[in-house]
Amino acid sequence: MTATPGKVTMEKLVSLCQRRGFIFPSSDIYGGLSSCWDYGPVGVELKRNVKEAWWRANVRDRDDMVGLDTSILMNPRVWEASGHVTAFSDPLVECKKCHQRFRADDLPPEAEGKCPNCGGDFTEPQQFNLMFKTFIGPVEDAASVVYLRPETAQGIFVNFANVLNTSRKRLPFGIAQIGKSFRNEITTGNFIFRSREFEQMEIEYFVRPGTDDEWFAYWTNERLKFYGSLGIRKENLRLRQHGQDELAHYSRCCSDIEYNFPMGWAELEGIANRGDYDLKQHMEYSGKGLTYLDEATNQHIVPYVIEPSAGVDRTVLAVLCDAYDEEPDKDEIRVLFHFHPDVAPVKVAVLPLSRKENLAACAKDVYASLRPCFATQYDDTQSIGRRYRRQDELGTPYCVTVDFQSLEDNMATIRERDTMNQIRVPTAALADTLAKKLAGEDILVLPEGGVIWKEETKGG
Ligand code: ATP
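Thresholds applied
Residues numbered from 1 in each chain as written. Predicted model: local features only at pLDDT ≥ 70, side-chain atom pairs only at ≥ 80, totals over all residues. Helix = DSSP H or I, 4+ residues; strand = E, 2+ residues; numbered from the N terminus. Contact = placed C-beta atoms within 7 Å. Buried ≥ 20, exposed ≤ 12 C-beta atoms within 10 Å, placed from the backbone. Arc of directions from axis to C-beta. Core = buried A, V, L, I, M, F, W, Y, C linked by C-beta atoms within 7 Å. Domains from an automatic or database assignment. Pairing = 2+ DSSP bridges. Axes fitted to C-alpha atoms, helices over the stretch in contact; angles between N-to-C directions. Near = placed C-beta within 6 Å. Nonpolar A, V, L, I, M, F, W, Y, C, P; charged D, E, K, R; others polar. Parallel < 35°, antiparallel > 145°, perpendicular 65-115°, else oblique. Left-handed = near helix turned anticlockwise from the far one by under 90°.

1. Re the overall build of the protein chain
When helices and strands are tallied, the protein chain shows 13 helices and 24 strands. Seen through its C-alpha atoms, the protein chain measures out along the principal axes to roughly 75 × 65 × 45 Å. Long-range contacts, defined as pairs at least 24 residues apart, comprise 65% of the intrachain contacts of the protein chain with a sequence gap of at least 6.

2. Here's the deal with helix α8 (residues 277-286)
Looking at α8, one finds that the buried residues are D278, L279 and H282. Taken around the axis of α8, the buried residues stretch over an arc of 95°, which confines them to a single face. Its buried side turned inward, α8 meets α3 (77-82), α5 (153-157), α6 (160-167), β13 (264-275) and β16 (304-311). At the exit of α8 stands G287, carrying a positive phi of roughly 75°.

3. A few points about the nonpolar core
Soluble globular proteins tend to pack their nonpolar side chains together in the buried interior. In terms of nonpolar packing, the biggest core is built from 61 residues, with V50, V316, L317, V319, V350, V366 and V400 touching the most fellow members. Counting contributing residues, this core receives three or more from each of domain 1 (50-73 + 153-320) and domain 2 (346-457). A81, A153, I175 and L279 belong to the second largest nonpolar core, which has 27 residues in total.

4. A look at the sheet that holds strand β5 (residues 101-103)
Taken in spatial order, the three strands line up as β5-β4-β6 in an open sheet, and their pairing is antiparallel. Bordering the open sheet on either side are β5 and β6 (126-129), each of which pairs with just one other strand. Ignoring strand direction, the axes of neighbouring strands in this sheet form an average angle of 45°. Two strands pair when backbone bridges link them, and strand β4 (residues 89-94) and β6 are joined in this way by four bridges, in the antiparallel orientation. Across the sheet, residue L92 finds its bridge partner in β6, namely Q126.

5. Overview of the sheet that holds strand β10 (residues 197-207)
Sheet architecture is open: seven strands sit in the order β3-β9-β10-β16-β13-β12-β11, paired in mixed fashion. Among the strands making up the open sheet, the edge pair consists of β3 (65-68) and β11 (237-241). Averaged over all neighbouring strand pairs, the angle between strand axes comes to 25°, with direction disregarded. Sheet topology note: the strand β12 (residues 253-261)/β13 ladder contains nine bridges and is antiparallel.

6. Describing the site of the ligand
Residues in contact with the ligand amount to 16 residues; listed here are only the nearest, F198, G270, S309, G311 and R314. Counting residues per element, the ones that place at least two in the shell around the ligand are β10, β13, β16 and α9 (312-323). Looking at the shell around the ligand residue by residue, the classes come out as three nonpolar, five polar and eight charged.

7. A word on the packing of helix α2 (residues 41-60) against α9
Remark: α2 packs on α9, axes separated minimally by 10 Å, with the N-to-C direction vectors making an angle of 110°. The orientation of α2 with respect to α9, classified from their angle, is roughly perpendicular. Crossing handedness for the pair α2 and α9: right-handed. Facing L46, K47, V50 and K51 of α2, the residues of α9 in contact are V312, T315, V316 and V319. Taken together, the residues of the contact of α2 with α9 break down into five nonpolar, one polar and two charged.

8. A look at the environment of P5
Structurally, P5 can be placed in the segment before α1 (10-19). Judged by local crowding, P5 falls into the exposed class, with 12 C-beta atoms found within 10 Å. Taking C-alpha positions, P5 is 8.9 Å from E332, a pair spaced 327 residues apart along the chain. If we skip the residues at most four places from it in the chain, P5 touches E326, E327, P328 and I333.

9. With respect to unusual backbone geometry
With omega at -5°, the peptide bond leading from L171 into P172 counts as cis. Here P172 shows up in the loop between α6 and β9 (173-182). We note that S35 has phi near 60°; this positive angle belongs to a residue other than glycine. Tracing the chain through its elements places S35 in the loop between β1 (23-25) and β2 (37-39). Given 20 C-beta atoms within a 10 Å radius, S35 is considered buried. The phi dihedral of H99 is positive, around 65°, even though this residue is not glycine.

10. Section: the domain arrangement of the protein chain
Its domain assignment divides the protein chain into domain 1 (50-73 + 153-320) and domain 2 (346-457). Domain 1 and domain 2 are separated by 41 Å when their C-alpha centres are compared.

11. Describing the pairing of strand β23 (residues 422-426)
Among the five residues in β23, four count as buried, and that is most of the element. By the bridge criterion, five bridges tie strand β22 (residues 411-416) to β23 in an arrangement that is antiparallel. Looking at the pairing, M411 lines up with P426 of β23. Linking β22 to β23, which pair antiparallel, is a turn of five residues; within it M420 sits at a positive phi near 65°. Across two bridges, β23 lies against strand β24 (residues 451-452) in antiparallel orientation.

12. A word on the environment of A431
Take A431: it is sitting in helix α13 (residues 430-438). With 65 residues separating them along the chain, A431 and V366 place their C-alpha atoms 9.2 Å apart. If near-sequence neighbours (up to four positions away) are discounted, A431 is found in contact with S369, L370 and C373.

13. So, the environment of L164
Note that L164 resides in helix α6. Looking at L164, the number of C-beta atoms within 10 Å reads 21, which means it is buried. Each C-alpha atom, one on L164 and one on V14, is 44 Å from the other, the two residues being 150 residues apart in sequence. When near neighbours in sequence (up to four residues on either side) are disregarded, L164 contacts K169 and Y292.

Here it is in structure tokens:
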């Protein structure tokens, strides 16, 4: 019977990610730890590529941005000033019957206010602070309490003067940071969508008051473009503006970029106009000046800030969901990730047709010539068909096959993941040709001496 291709589901993704070394449950041999995940050999490459693309687009390629890497543990006064100690909480309800706990504002509508687990009644909602607490130093008392940061943003605000004085940036300018954040979420789930330890990519973009609306619009547009540059399809992205009742008291405006995940539309990134709230709070609590001397008027002003705040793990999940595909393949199903070449964890795989010594030596030479140029894998296990399928499941854009004819004509076959088209090119032209293909050139455009490979060998 012919298998029928299906849609992406979270179950399929979790299983494929585990099988191919993208993502494993944390502390797996001990039965895992609720909603904590480890990125495997392939996943770590994918995640790094996402972070690097973000860093390049938002820091390296711009004159008006600088980066920062601040510590996870900070003076607890930071979290008093930011409002997290008093207000960073979610409403928690407990089922009176089965005692399971839920986030009151995140219950499925079909539960109609009853426990989704057993139908029992809930207790009154209580505010539950999401910050993880620990102690600094050897004494575990109230004076030594510190928090694991629940966002990377505050590390940026408290360094505003340091950055201004050392980088000599003029308004408008931004500070970017990528790093771990921790939230003791009441309910987690949906794989890496909501976990208690995750990574954020945050920008605080400082502007002159009065220009904030246009910068908010600018950044919303930039950030949508960024997801497009990762290969995420437009139709799976949407913008949702927060209603007045959702806005934090200091927030002047906020929109979420949402992605159409298998469980439905959900937040990928939040973009907020935070006004001058954060800098003013830190001035008040620290007693230090965090103002900007406007050269034109010779007056100190407190800049407004636009904050595009994205999750690394949610972006990785969106990239995985968007790239996942199943296609009919004879009587079977070909599963593949159509990763954009910039994020693909492996760019090129070198596959010798057999392990025979002379062929292996030739394939190893090819591998050695490509490895300095791209993330390249060498794979000589199992049949060539199986190896192609494995690379498809890793989302590798190009496979280079070295066969016995290669020993005579110094040519190798490049096979493209999405079309399965194949061309044969001189091995000396491989690196250059692959670089062009990875940059978007059609597979069937040939280098000098190249040929479109025979029909009968296609489809491997
Ligand atoms: P949510 O409403 O989903 O709890 P949030 O509005 O609290 O998210 P922000 O505080 O705006 O999230 O954080 C910015 C980004 O950090 C989010 O858009 C998301 O991508 C990421 N993020 C926040 N919490 C988590 C989490 N528990 N696990 C993974 N990523 C997260």
